[in-house]
There are 2 protein chains.
Amino acid sequence: MIVNSARTVEIKREILAGNTLKAHAFRTARKNEGTFMMDVMGSPGSGKTTLLLALIEELRHRDAFEIGVIEADLESDVDALKIKEAGVASVELNTKGVCHVEMNMVEKAFEAFDDTGFDCLFLENIGNLVCPAEFDTGCHSRIMLLSVPEGYDKVYKYPPMFAVVDALVVTKCDYLPFNPDFDRTALHDAARKLNPSLDVFQVSARTGEGIAELAAWIGSRRAETLAHPGDAR
Amino acid sequence: MIVNSARTVEIKREILAGNTLKAHAFRTARKNEGTFMMDVMGSPGSGKTTLLLALIEELRHRDAFEIGVIEADLESDVDALKIKEAGVASVELNTKGVCHVEMNMVEKAFEAFDDTGFDCLFLENIGNLVCPAEFDTGCHSRIMLLSVPEGYDKVYKYPPMFAVVDALVVTKCDYLPFNPDFDRTALHDAARKLNPSLDVFQVSARTGEGIAELAAWIGSRRAETLAHPGDAR
């Protein structure tokens, strides 16, 4: 049976329309400054902060990128502190309980950086496999994490996020031996049915598996985005 | 920095007020029929369906309870089918992308059962550690799952849900040997600071650890709820 709240759906549409316009302007402005921005999404505990730390290490050494991070959280500064400890410019975006990030939040967080001449700016979104998929955050690319312990069947149960991202990053792959039921073929097939151009990566921040490949992909996406003049998509 | 959307917060308040009134009436009606209802919440992949299957098995054998399940999902019927296969009366509540369950959804789902003389009715909420915490679903008790692979620090990052539930169920405890960083003492301390009357369970549906204890606790909560006449809280 299908039941949802017409009022909730109607209100969401109203908020989304204004958000998309702002996102388009923000994305174009960052592109014109040479900053490639990436939205990193996934469930609580899918490994977003840990992956970011591994990626930043790789990108700084490999491409000498200047990197910034906007760390969105409901309340705490746990993740923002971890990023700061790694010596990366970061701003904590505290939504005070709101379950996703909207453009007015991104704009304010961006203004809070001392310097903004980043080559690459990451937004670590709220840990939530549902709501963030609907809100354009003004980024040039979006990726989602799915950790092995969560189970491959999340692709059937939370399809919107799989449909909107450029890459699916399967994290915590060092857990694969303990999860013989994790059906990678079924996951890839179902995800690509929702999103035919989806790129898929397998990583483990613990063992380092796949981090270099993902960093190289980010470098390519950045180069492609900045190569084309005019408005950002 | 704290940034959220005033418009979003204002709209949420408006929706919540109507929802709470309906929840109170629903909760009282179920109690008067002898049905104890429990809301089961947690992240995607925290193990809600698997725990429910283990609990149902235990509760049916132990207390001979008549059990029903409302399976909320964004889109698919994956979980509802698993419950049906276990021979349990279940209704699929498909929110079509809405990230939480509201009372008008619960009411419609409840009406869709052929018979409703349940001793115990479970609502498996949308996999989301944020939004469901705010919406009263008309249940007599609420529990949340946190799986070991998600990490104990989720208590700092997603406090609202820890604050509103009666029990925290730490799932996938068979993963503890692979997660030496999972600090149970810090988790319990932080959770009880948010919620002093919180009960905490450790379970593993794989090994069966803790399932009998949790089932016994549910039996007690049911007995307490039904023992007191009048309105349900």
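Residues numbered from 1 in each chain as written. Chains lettered and ligands numbered in written order. Predicted model: local features only at pLDDT ≥ 70, side-chain atom pairs only at ≥ 80, totals over all residues. Heavy atoms only, no water.

Caption draft 1: Region of the structure containing the nonpolar core. With 92 residues, the main nonpolar core has A:L168 and B:L168 as its most contacted residues. Beyond its immediate chain neighbours, meaning those up to four positions away, A:L168 contacts A:M144, A:L146, A:F162, A:L187, A:A191, A:L198, A:D199, A:V200 and A:F201. (Core = buried A, V, L, I, M, F, W, Y, C linked by side-chain atoms within 4.5 Å. Buried < 20%, exposed > 50% of the residue type's maximum accessible area, 1.4 Å probe, protein only. Contact = heavy atoms within 4.5 Å.)

Caption draft 2: Inspection of the packing of aromatic side chains at higher detail. Applying the stated rule across the entire model yields 15 aromatic pairs over all chains. Seen in terms of ring centroids, B:Y152 and B:F182 are 6.4 Å apart; in terms of plane orientation they differ by 75°. Their pairing is edge-to-face. Remark: B:F182 occurs in the loop between β6 (167-171) and α7 (184-194) and B:Y152 occurs in the loop between β5 (141-147) and α5 (154-157); sequence separation between them is 30 residues. Under the relative-accessibility criterion, B:Y152 is labelled partly exposed at 24%. Through a chain of ring-to-ring contacts, three or more aromatic side chains come together here, namely A:F26, A:F110, A:F113 and A:F118. Above the ring of A:F26, the side-chain terminus of A:R30 is found at 4.4 Å from the ring centroid. (Phe/Tyr/Trp six-rings, centres within 6.5 Å; stacked < 30°, edge-to-face > 60°. Helix = DSSP H or I, 4+ residues; strand = E, 2+ residues; numbered from the N terminus. Lys NZ or Arg CZ within 6 Å of the ring centre and 35° of its normal.)

Caption draft 3: Geometry of the relation of the copies chain B and chain A. The operation relating chain B to chain A is a screw motion whose rotation component is 180°, with 0.0 Å of axial translation and a residual RMSD of 0.0 Å. Those values place the two copies in the arrangement expected of a two-fold rotation axis. When the interface residues of chain B are mapped onto chain A, 100% of them are again interface residues, pointing to one common binding face. (Least-squares fit on C-alpha atoms with pLDDT ≥ 70 in both.)

Caption draft 4: Representation of helix α2 (residues 48-63) of chain B in the model. Residues and elements named next belong to chain B. In a regular helix each residue adds 1.5 Å, so 16 residues correspond to 22 Å; α2 covers 21 Å between its end C-alpha atoms and thus fits that length. K48, T49, L51, L52, L55, I56 and L59 are the residues of α2 that are buried. Angularly, the buried residues of α2 cover 145° about the axis, an arc narrow enough to put them on a single face. (Expected span 1.5 Å × (residues − 1). Arc of directions from axis to C-beta.)

Caption draft 5: Quick look at the pattern of salt bridges. Inspection of every chain in the model, using the stated rule, returns 20 salt bridges over all chains. A salt bridge links A:K157 to B:D79, with the shortest nitrogen-to-oxygen separation between them at 2.7 Å. Taken together, the positions of A:K157 in helix α5 (residues 154-157) and B:D79 in helix α3 (residues 78-85) put the pair across two chains. Across this residue pair, the class does not change: A:K157 and B:D79 are buried. A cluster of three or more residues bridged by salt bridges with shared partners is formed by A:K82, B:D153 and B:K154. (Salt bridge = Lys/Arg side-chain N within 4 Å of Asp/Glu carboxyl O.)

Caption draft 6: Highlighting the interface of chain B and chain A. Between chain B and chain A, the residue contacts involve 59 residues of the former and 59 residues of the latter. In this assembly, chain B packs against chain A so that about 4700 Å² is buried in total across both faces, 60% of it on carbon and sulfur atoms. The interface formed by chain B and chain A contains four salt bridges. Between B:D153 and A:K82 there is a salt bridge, with the nearest N and O atoms lying 3.6 Å from each other. In this assembly, chain B and chain A are joined by 10 residue pairs in polar contact (both at pLDDT 80 or more). Looking at the side of chain B that touches chain A, the elements with two or more residues in it are α1 (6-32), α3, β3 (89-94), α4 (103-111), α5 and α6 (159-164) of chain B. Here the side of chain B that touches chain A gets seven residues from one element, more than from any other, and that element is α1(B). Across the side of chain B that touches chain A, the residue classes tally to 27 nonpolar, 15 polar and 17 charged. (Buried area = accessible area lost by both parts, 1.4 Å probe. Polar contact = N/O pair within 3.5 Å; in protein donor to acceptor, adjacent residues only side chain to side chain. Nonpolar A, V, L, I, M, F, W, Y, C, P; charged D, E, K, R; others polar.)

Caption draft 7: Broad picture of the sheet that holds strand β2 (residues 67-73) of chain A. Residues and elements named next belong to chain A. Strand order in this open sheet of seven strands is β3-β2-β4-β1-β5-β6-β7, and the pairing throughout is parallel. What marks the edges here is a single partner per strand, and that holds for β3 (89-94) and β7 (199-202). The mean inter-strand angle of the sheet, taken between neighbouring strand axes irrespective of direction, is 20°. The sheet contact formed by strand β1 (residues 36-42) and strand β5 (residues 141-147) spans five bridges and is parallel. Bridging across to β5, M41 finds its partner in M144. Strand contacts of helix α3 (residues 78-85): β2, β3 and β4 (120-124), with the helix running at about 165° to β2, the strand carrying the most contacts. (Pairing = 2+ DSSP bridges. Axes fitted to C-alpha atoms, helices over the stretch in contact; angles between N-to-C directions.)

Caption draft 8: Up close: the packing of helix α2 (residues 48-63) of chain A against α3(A). Residue and element names in this part refer to chain A. For the pair α2 and α3, interaxial distance at closest approach is 10 Å and the crossing angle is 15°. Taken as axis vectors, α2 and α3 run roughly parallel relative to one another. Every pair of crossing elements has a handedness; the one defined by α2 and α3 is right-handed. Contacts from T49, L52 and L53 of α2 reach α3 at D79, K82 and I83. A per-class count over the contact of α2 with α3 returns three nonpolar, one polar and two charged. (Parallel < 35°, antiparallel > 145°, perpendicular 65-115°, else oblique. Left-handed = near helix turned anticlockwise from the far one by under 90°.)

Caption draft 9: Region of interest: the confidence of the model for chain A. Per-residue confidence for chain A averages 92 on the pLDDT scale, and 94% of its residues sit at or above 70. Here the predicted complex scores 0.92 on pTM and 0.88 on ipTM. (pLDDT = per-residue confidence, 0-100.)

Caption draft 10: The environment of A:G42, seen in detail. Looking at the secondary structure, you find A:G42 in strand β1. Excluding residues within four positions of it along the chain, A:G42 makes contact with A:K48, A:I126, A:G127, A:N128, A:L129, A:L145 and A:M161.

Caption draft 11: A look at the sheet that holds strand β7 (residues 199-202) of chain B. All names here are of chain B. Pairing in this open sheet of seven strands is parallel, and the strands run β3-β2-β4-β1-β5-β6-β7 from one edge to the other. The sheet is open, and its two borders are formed by β3 and β7, each paired with just one other strand. Between one strand and the next, the sheet's axes are offset by a mean angle of 20°, whatever the strand orientation. Relative to β6, β5 runs parallel, the two sharing five bridges. Across the sheet, residue M144 finds its bridge partner in β6, namely L168. In this fold α3 packs onto β2 (67-73), β3 and β4 (120-124), with an angle of close to 165° to the strand it touches most, β2. Packed on one face of the sheet, helix α8 (residues 211-227) meets β1 (36-42), β4, β5, β6 and β7 and runs near 135° to β1.

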